[in-house]
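The chain contents come next:
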Amino acid sequence: MSHAVSHRDLTAAKSWATAAEETNHGSALVAYQTALKFLDQHVTLLSSSSRHFNVVRIATASLVVDAFSCGVRYGALTTAVELVEQGRAVFWTHLARLSSPFDELSLPGDTGAALEKEFKQLSLSLHAAFDQSTEDQFPQIRQLTMQWNDIVSRIRMLPDLSRFLLPPLFSDLQKAAQEGPVIIVNASQYSCDALIVLSDQNPIHISIDITRTEVSELSSEFQSVTEQFGCSDYQNKLVGILRKLWNDIVDPVVQALKVSNVHPGSRIWWCPTAEFTLLPLHAAGPYERERDNLSQIYISSYTPTLATLVRARQRVSQYSSTQYFVAIGQGNPDRGKELRCVAPELAAIAQRLVPIVSSFTSLRDSLATSSFTMRDGPLMIKDIIRSNWQNPEFAFLSACHTTVGDEKCPDESIHLAAAMQFSGFRSVIGSMWSVDDEVAQQVVSTFYDKLVDDSGRLDSTRAAVALHKAVKKLRRNNVPLEQQIVFVHIGV
């Protein structure tokens, strides 16, 4: 399928879905399914460069969230989950298709070995072509893609591989909820909804009494407030936003969780879409005496998609007597004030971890930019995702804005924390806005005490609870509200 044909098909399917919505035609759900199928085929032919982001932004504009809403309105809740997974985080899915299949592909016999070899060679060739792509190379990319699609079709004819590299079914995605419910929160022009995905039953639907326009306005208001942190009257505005999140979105979800016997103190995972990705759902609450905020009821984590969480759960920690830990500090940023607490923060980590890990490395005073900047140059997102990490477990990004992506394309979740998770880190902690230097030191000092298990080893699955306890201590120390809620946990 050529690049032009695929793009025309996608445009036609999107127009079909729009027309079906406007006329309340029964084919709307099929139209969305068709459009997302063509989207998947379309992005396969694209470069992973900035051009790709622009194409994805145009192609997915409202398509995925509207498809989810359509599934909910038709009562097809499991289909809604499948559709939102298929169309979100297309960038990461695209990269995973070219890299992670090697882990699951081990074919028996001479025929299987030949197919496996050919598939891996074509995938590597495609990866290289994408990295170096220019318009002159599009014909080569199209030819490689046709060959790649052919070999994938042949692999799917083999036993137990019929769904190789196909979008996951709900039965696969449901595994994300093995350790606790996952709440998808969706904002569409047609409806705003939450679906609670549980491990042992069909999703539970909660209708949210808010419009997408209101969500967008609330997100913009919140972004404006984050720029005022430290100024007068900002805290009243912040509390007002957190109360609205509680009343309109989070409290109805909490009530449904309680009815489903999700006991207080349990872990839950938020999987927001659209502008919800830019809002601090984990910090919602009434903020009144004698009433609990969300953080006093459940322990919140986030995941960009259910499939991402499933993959993290499947990467079972390989027990080894050797644990390596690298702590990198940037006390003298290239632009900005000196961070005087970086050195004490590193010292506190070292004091706690040196006795229990086999190797502890501390690097100080690299220059800081919007990427991770090391002594020998910047460590960009593209470098992180190409890295061949050996059984990575946990990353704590004690820096500013490490979980914030592009406001114009929030569903792609393209940020530093997501890059670490895509690269194999099962558990990542990052920040939603600017972090106070002294607060970061306080959080880290408490956090690593709680990350160590009873056997004296670091355990990445304890990260969410460890962060929860560290933040609880901040509340007792009267730290400003925005600094109590700045850090979020992503992953297992």
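Our subject is the structure that appears above.
Attention in this report is confined to the structure presented alongside it.

Here is what the cut-offs are and how they apply
- Residues numbered from 1 in each chain as written.
- Predicted model: local features only at pLDDT ≥ 70, side-chain atom pairs only at ≥ 80, totals over all residues.
- Heavy atoms only, no water.
- Helix = DSSP H or I, 4+ residues; strand = E, 2+ residues; numbered from the N terminus.
- Contact = heavy atoms within 4.5 Å.
- Salt bridge = Lys/Arg side-chain N within 4 Å of Asp/Glu carboxyl O.
- Core = buried A, V, L, I, M, F, W, Y, C linked by side-chain atoms within 4.5 Å.
- Buried < 20%, exposed > 50% of the residue type's maximum accessible area, 1.4 Å probe, protein only.
- Pairing = 2+ DSSP bridges.
- Axes fitted to C-alpha atoms, helices over the stretch in contact; angles between N-to-C directions.
- Parallel < 35°, antiparallel > 145°, perpendicular 65-115°, else oblique.
- Nonpolar A, V, L, I, M, F, W, Y, C, P; charged D, E, K, R; others polar.
- Phe/Tyr/Trp six-rings, centres within 6.5 Å; stacked < 30°, edge-to-face > 60°.
- Left-handed = near helix turned anticlockwise from the far one by under 90°.
- Expected span 1.5 Å × (residues − 1).

Summing up its helical and strand segments, the protein has 19 helices and 12 strands in all. Sequence-distant contacts in the protein: of pairs separated by 6 or more residues, those separated by 24 or more amount to 74%.

The final tally for this structure, using the stated rule, is 8 salt bridges. One salt-bridge network, held together by shared partners, links Glu118, Asp150 and Arg154.

Now for the nonpolar core. Within the largest apolar cluster, 78 residues are counted, with the highest numbers of intra-cluster contacts made by Trp270 and Phe447. Take this core: its biggest share by element is 13 residues, from helix H12 (residues 234-259). The residues touching tryptophan 270, leaving out its near neighbours within four places in the chain, are Ile183, Val185, Val250, Val253, Leu281, His282, Leu294, Ser300, Ser301, Tyr302 and Thr303. Counting 39 residues, the second-largest nonpolar core is a separate cluster that includes Ala28, Phe38, Ala176 and Val492.

The buried fraction of strand E1 (residues 182-187) is high, at 6 of 6 residues. Relative to strand E2 (residues 192-197), E1 runs antiparallel, the two sharing 6 bridges. From the neighbouring strand, isoleucine 184 faces E2, where its bridge partner is leucine 195. Here E1 hands over to E2 after 4 residues, the two strands then running antiparallel side by side. Where E1 lies against strand E4 (residues 267-272), 4 bridges are found, and the strand directions are parallel. The partner of valine 182 across the bridge, within E4, is tryptophan 269.

Helix H5 (residues 77-87) packs onto helix H4 (residues 63-73) with a crossing angle of 175 degrees between their chain directions and a minimal axis gap of 7 Å. As the angle between them shows, H4 and H5 are arranged roughly antiparallel. Note on element contacts: H5 touches H4 through Leu77, Ala80, Val81, Leu83, Val84 and Gly87, opposite Val64, Ala67, Phe68, Gly71 and Val72. Looking at the contact of H4 with H5 residue by residue, the class counts come to 9 nonpolar, 2 polar and no charged.

Below, the discussion takes up unusual backbone geometry. One non-glycine residue with positive phi stands out, namely asparagine 24, at about 55 degrees. For asparagine 24, the location among the structural elements is in the loop between helix H1 (3-23) and helix H2 (28-44). Residues other than glycine seldom take positive phi values, yet asparagine 261 does so here, at roughly 65 degrees. Looking at the secondary structure, you find asparagine 261 in the loop between H12 and E4. A relative accessible area of 57% places asparagine 261 in the exposed class.

Let's shift gears to the packing of aromatic side chains. What the rule picks out here adds up to 9 aromatic pairs. Centroid distance phenylalanine 119 to tryptophan 148: 6.1 Å. Interplanar angle 35 degrees. Geometry classified as tilted. On the criterion of sequence distance, the pair formed by phenylalanine 119 in helix H8 (residues 109-131) and tryptophan 148 in helix H9 (residues 138-156) is long-range, its members being 29 residues apart. A relative accessible area of 3% places tryptophan 148 in the buried class.

This next bit is on the packing of helix H17 (residues 437-451) against helix H18 (residues 463-476). Between H17 and H18, the least distance of the axes is 8 Å, while the angle of their chain directions is 135 degrees. Accordingly, the angle class assigned to the pair H17 and H18 is oblique. The element H17 and its partner H18 pack so that their crossing is right-handed. Within the contact between the two elements, H17 uses Val439, Gln442, Val443, Thr446, Phe447, Lys450 and Leu451 and H18 uses Ala463, Ala466, Leu467, Lys469, Ala470, Lys473 and Leu474.

Attention now goes to helix H11 (residues 212-226). Compared with an ideal rise of 1.5 Å per residue, which puts 15 residues at 21 Å, H11 spans 21 Å between its outermost C-alpha atoms and is within 8% of the ideal. Buried residues along H11 sit against E1, E2 and H12.

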